[in-house]
Amino acid sequence: MKGLKMLLAASLAALGLSATTLQANAAEAPVHFADLNWESGSLITEVLRVIVEKGYDLPTDTLPGTTITLETALAKNDIQVIGEEWAGRSPVWVKAEAEGKVIGLGDTVKGATEGWWVPEYVVKGDPAKGIKPLAPDLKSVKDLARYKDVFKDPESPGKGRFLNSPIGWTSEVVNKQKLKAYGLDDSYVNFRSGSGAALDAEIASSIRRGKPVLFYYWSPTPLMGRYKLIQLEEPPFDAEAWKTLTDADNPDPKPTRSLASKLSIGVSTPFQKAHPQIAQFFEKVEFPIEPLNRALATMSEHHTPPREVAQTFLKEHPEVWKAWLTEDVAQKVEASLK
């Protein structure tokens, strides 16, 4: 009997040890952030990661994917945070939000926008560079059909070229549908460079050479502050028409400008419930657009890793991020930056 008692005690001790080990392992499980493949997304993600790691003592990592696959993963809690979520745009997000699986926290960047752009010299010319205006009456997307020769596609000379957004973004679908809705699919090639870096290179190369280029772009980005650009007018926003643009299979998309931009931090509902203090911090995050664009320009021009730029941003702008945090958390973050 004594031997049985000793065995039982040993078993309970082992079970207790196992439970403790499991709890420790669970506590160390990293918060999975989306690995966003555009500059503002990657910088904002790294700023948030530094604060979560240093201020809240939680490990983090990043997982790559397209916008749609990352939103799907968020809905399943396979990842917990999307640092720059253009909330309400994709059907995947809208469905997951309606089902209570995800939520967008805060309004992280005031003044964010997206649309179709051309360099200013295409419309107004640039006498200093000897460039004459090639499309002097170009104001709206409805004017593009008569200027297709200005934006001639080198591989399809009978058509113009429109540079769409990076592959896998919701805006890639929207822009393809807009070409149809604006009656431009027969006169313009829907050209996709692939990645955000490839799109940037295509635009920058054209502008450096003073060539006309028509492209989709968004803000905040370093490119928007680097060049003089003109955004083309689009029809007023219509919610029902917007649904036809986000549906890749809709055969009859309707014209409308894009949904007004609101950048949030997307989180899974389980994460929000498990970490209410971090959720409260996310609600308060707001990046002033000017210092953000300057940081993005530095990152782009010098090819500086986003993590390094994030740490520099935190060192140089404590007045920004301390407003998001409680005093004790802010002190821990500040101490880690020294």
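Computed from a predicted model, the values in this text were never measured in an experiment.

### Overview of the UniProt feature "domain: ABC-type glycine betaine transport system substrate-binding" (unreviewed entry) in the protein chain
Alright, step 1. The UniProt record marks residues 30–316 with the feature "domain: ABC-type glycine betaine transport system substrate-binding" (unreviewed entry), using the residue numbering of this structure.
Alright, step 2. Taken end to end, residues 30–316 comprises 41% helix and 20% strand; its first and last C-alpha atoms sit 27 Å apart.

### A few points about the packing of aromatic side chains
Any aromatic ring pair is given by two values, namely how distant the centres are and how the planes are angled relative to each other.
Alright, step 1. Applying the stated rule across the entire model yields 14 aromatic pairs.
Alright, step 2. Summarising the aromatic geometry, the rings of F215 and Y217 are spaced 6.2 Å apart at their centres and angled 80° between planes, so their arrangement reads as edge-to-face. You'll find F215 and Y217 in the same group, each marked buried.
Alright, step 3. An aromatic cluster of three or more residues is present, and its members are Y56, F271, F281, F282, F287, F313 and W324.
Alright, step 4. Between the NZ or CZ atom of R161 and the centre of the ring of F191, over which it lies, the distance is 3.7 Å.

### Considering the packing of helix α2 (residues 39–56) against helix α13 (residues 306–316)
Alright, step 1. At a minimum axis separation of 8 Å, α2 and α13 run at an interaxial angle of 65°. Considering the angle they form, α2 stands roughly perpendicular to α13. Considering only the axes of α2 and α13, their crossing is right-handed. Where α2 approaches α13, its residues S42, L43, E46, V47, R49, V50, I51 and E53 are matched on the opposing element by P306, R307, V309, A310, Q311, F313 and L314.
Alright, step 2. Broken down by class, the residue content of the contact of α2 with α13 amounts to nine nonpolar, two polar and four charged.

### A closer look at the environment of L337
Alright, step 1. Considering the arrangement of structural elements, one finds L337 in the segment after α15 (327–336).
Alright, step 2. A residue is classified by how much of its surface remains accessible, and L337, at 13% relative accessible area, is buried.
Alright, step 3. Taking the C-alpha atoms as reference points, L337 and V50, 287 residues apart in sequence, are found 9.6 Å from one another.
Alright, step 4. The contacts of L337, once residues within four sequence positions are left out, are Q311, L314, K315 and W321.

### Details of the pattern of salt bridges
Alright, step 1. The full count for this structure, using the stated rule, is 20 salt bridges.
Alright, step 2. A salt bridge links R226 to E301; its shortest N-O distance comes to 4.0 Å. Taken as a pair, R226 in helix α8 (residues 222–226) and E301 in helix α12 (residues 289–302) lie far apart in primary sequence, 75 residues in all.
Alright, step 3. Because the salt bridges share partners, they merge into one network encompassing E46, R49, E53 and R307.

### Focus on the packing of α12 against α13
Alright, step 1. At a closest axis distance of 10 Å, the pairing of α12 and α13 adopts a crossing angle of 145°. Along this stretch, α12 crosses α13, giving a crossing that reads as right-handed. Here α12 contributes P291, L292, A295 and M299 to the contact with α13, which in turn contributes P306, V309 and F313.
Alright, step 2. Along the lines of polarity and charge, the residues of the contact of α12 with α13 split into seven nonpolar, no polar and no charged.

### Points about helix α7 (residues 196–208)
Alright, step 1. In this model, α7 (13 residues) spans 18 Å end to end at C-alpha, consistent with the 18 Å of a helix rising 1.5 Å per residue.
Alright, step 2. Inspection of α7 places G196, L199, D200, I203, A204, S206 and I207 among the buried residues, and these make up the whole buried set. Mapping the buried residues of α7 onto a view down its axis gives an arc of 160°, with all of them on the same face. Of the exposed residues in α7, the ones pointing more than 90 degrees away from its buried face are A197 and R208.
Alright, step 3. Among the residues trailing α7, G210 stands out with phi positive, at a value near 70°.

Rules behind the numbers
- Residues numbered from 1 in each chain as written.
- Predicted model: local features only at pLDDT ≥ 70, side-chain atom pairs only at ≥ 80, totals over all residues.
- Heavy atoms only, no water.
- UniProt positions renumbered as here; feature names shortened; annotations may be inferred.
- Helix = DSSP H or I, 4+ residues; strand = E, 2+ residues; numbered from the N terminus.
- Phe/Tyr/Trp six-rings, centres within 6.5 Å; stacked < 30°, edge-to-face > 60°.
- Buried < 20%, exposed > 50% of the residue type's maximum accessible area, 1.4 Å probe, protein only.
- Lys NZ or Arg CZ within 6 Å of the ring centre and 35° of its normal.
- Axes fitted to C-alpha atoms, helices over the stretch in contact; angles between N-to-C directions.
- Parallel < 35°, antiparallel > 145°, perpendicular 65-115°, else oblique.
- Left-handed = near helix turned anticlockwise from the far one by under 90°.
- Contact = heavy atoms within 4.5 Å.
- Nonpolar A, V, L, I, M, F, W, Y, C, P; charged D, E, K, R; others polar.
- Salt bridge = Lys/Arg side-chain N within 4 Å of Asp/Glu carboxyl O.
- Expected span 1.5 Å × (residues − 1).
- Arc of directions from axis to C-beta.

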